[in-house]
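Take a look at the letters that make up each chain.
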Amino acid sequence: MIPVARSSQPTVLSKNAIKWLDKLTQQQLQLQILQNDPNTGEFQIQKAKKCVDNAQKKYRHDQIKKALVEMFHGKCAYCESKITVVTYGAIEHFRPKSAYIDLTFEWKNLLLSCDVCNDASHKGTKFPIDVNSNPLLIDSTDGMTNPNTHLEFTWDSVAGLASVYGRDDRGKAVETIFDLNGMKGRKELVAHRSNYVKKLFVLLRLAQTGDSEAISLLIESCHPSAEYSAFSLIHIHPYIPQS
């Protein structure tokens, strides 16, 4: 996880957010009225739920998704894996839309997430808070939080593992909820990330012999668009030979 600069909200959102929220609020109110009426049939309730769903999913607009992909350089906000055609990716609500309805169409509440980080087994509707009601999860776009303060990106050369450990309660919440070290099944994430970082160290050895192509590739690995650049910035960048 790395800090990400929040871009300007897409035009479609600035033009429609208030209207969309008003429509969603109306549909949810209508659903509540029907659910509280003992004479309401199941068909009516299901129809009302569909109306709520249709009103809510307006945030899935292609322009919004495109803006998020550009802002996050096509990477998941949480695990830093690249969003691909296989993993289409999701528009993630930092504060869950189920609990924070008013933030459903709020640009600052939208992130780009891979399908796994966003699913019910991981982030889903989870939003842990501390005793002061501050979020424990990290929003990399808030302009205030440095992920390195809360997360430790380590490389074990013997085991060949690139791991992410929480330094404090916030970091541990991120580590656990997103299963960043594969303790609950995300072995493919750990394997892919570790293999990627391992190759960087091979390139580093070449770079230190003066190989210009290796140096160029390592510099690219430190760019925000590169997968797992948090590891490169800590373990690679300080040791790249200066030209």
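Remember, it's a predicted structure, so these values are computed and weren't measured experimentally.

Asks: How would you summarise unusual backbone geometry if you had to cite specific residues and measurements?
Replies: The phi angle at histidine 73 is positive, at roughly 55 degrees, despite the residue not being glycine. One can find histidine 73 in the loop between helix H3 (62-71) and strand S1 (90-93). Phi is positive for serine 133, which is not a glycine, with a value near 65 degrees.

Asks: Give a detailed account of helix H8 (residues 212-221), specifying residues and quantitative values.
Replies: Every buried residue belonging to H8 is among Ala214, Ile215, Leu218 and Ser221, and all of these are buried. Seen from one end, H8 has its buried residues packed into an arc of 115 degrees, which puts them on one side. The exposed set on the far side of H8, more than 90 degrees from its buried face, consists of Ser212, Glu213 and Ile219. For H8, the elements touching its buried residues are helix H7 (187-207) and helix H9 (229-236). The opening residue of H8 is aspartate 211, an N-cap whose side-chain oxygen sits 3.0 Å from the backbone nitrogen of glutamate 213.

Asks: Mind laying out the packing of H7 against H8, listing which residues take part and the relevant values?
Replies: Relative to each other, H7 and H8 sit at 140 degrees, their axes nearing to 8 Å. The angle between H7 and H8 falls in the class oblique. H7 and H8 meet at a crossing whose hand is left-handed. Between H7 and H8, the contacting residues are Tyr196, Leu200, Leu203, Leu204, Leu206 and Ala207 on the first element and Ala214, Ile215, Leu217, Leu218 and Ser221 on the second. Of the residues assigned to the contact of H7 with H8, the class counts are 10 nonpolar, one polar and no charged.

Asks: Describe the nonpolar core, and please don't skip the residues or the numbers.
Replies: Grouped together as the largest cluster of nonpolar side chains are 65 residues, with contacts concentrated most on Ile64 and Leu68. The element that contributes the greatest number of residues to this core is helix H1 (residues 11-35), accounting for eight residues.

Asks: Could you give an account of H7, with specific residues and numbers?
Replies: Over its 21 residues, H7 runs 30 Å from end to end, which matches the ideal 30 Å to within 8%, given 1.5 Å per residue. Looking at H7, one finds that the buried residues are Leu189, Val190, Arg193, Ser194, Val197, Leu200, Phe201, Leu203, Leu204 and Ala207.

Asks: Which residues make up the pattern of salt bridges, and what values do they have?
Replies: Under the criterion given, the structure shown has two salt bridges. The partner of glutamate 80 in a salt bridge is lysine 75, with the nearest N and O atoms 2.5 Å apart. Glutamate 80 gets classed as buried once you look at its relative accessible area, which sits at 2%.

Asks: Break down the side chain of threonine 141 for me, with residues and values.
Replies: Position of threonine 141 among the secondary structure elements: in the loop between helix H4 (115-118) and helix H5 (147-150). Separated by 2.9 Å, the side chains of threonine 141 and arginine 6 make a polar contact. Not counting residues within four places of it along the chain, the set of residues in contact with threonine 141 comprises Val4, Arg6, Met71, Phe72 and Leu111.

Criteria and thresholds
Starting from 1, residues in each chain are numbered consecutively following that chain's sequence as written. This being a predicted model, a pLDDT of at least 70 is required before a residue's local features are given, and a value of 80 or more before pairs of side-chain atoms are given or counted; all residues contribute to the totals for chains, interfaces and linings. Based on all heavy atoms of the structure, the side-chain values leave hydrogens and waters out of the count. Strands here are runs of E lasting at least two residues and helices are runs of H or I lasting at least four, both read from the DSSP assignment and numbered beginning at the N terminus. Each residue gets one of three labels from its accessible area relative to the maximum for its type: buried under 20%, exposed over 50%, partly exposed in between, using a 1.4 Å probe on protein chains only. Each direction from the helix axis to a C-beta atom contributes to the arc, which is the arc of those directions. Throughout, a residue-residue contact means that at least one pair of heavy atoms, one from each residue, lies within 4.5 Å. The definition of a polar contact used here is a pair of N or O atoms within 3.5 Å, where within protein one atom must be able to donate a hydrogen and the other to accept one, and adjacent residues in sequence count solely through side-chain atom pairs. Whenever a helix is involved, its axis is fitted only over the stretch in contact; in every case the axis is a line through C-alpha atoms, and angles between N-to-C directions fall within 0 to 180 degrees. Our angle categories are set so that under 35 degrees counts as roughly parallel, over 145 as roughly antiparallel, 65 to 115 as roughly perpendicular, and the remainder as oblique. Crossing handedness follows the turn of the near helix against the far one: under a right angle anticlockwise gives a left-handed crossing, and clockwise gives a right-handed one. Gly counts as polar in this scheme, as do all residues outside two lists: the nonpolar Ala, Val, Leu, Ile, Met, Phe, Trp, Tyr, Cys and Pro, and the charged Asp, Glu, Lys and Arg. The definition of a nonpolar core used throughout is a set of buried Ala, Val, Leu, Ile, Met, Phe, Trp, Tyr and Cys residues joined through side-chain atoms within 4.5 Å. Expected helix span is given by 1.5 Å per residue-to-residue step, counting one fewer step than there are residues. For this analysis, a salt bridge means a side-chain nitrogen from Lys or Arg found within 4 Å of a carboxyl oxygen belonging to Asp or Glu.

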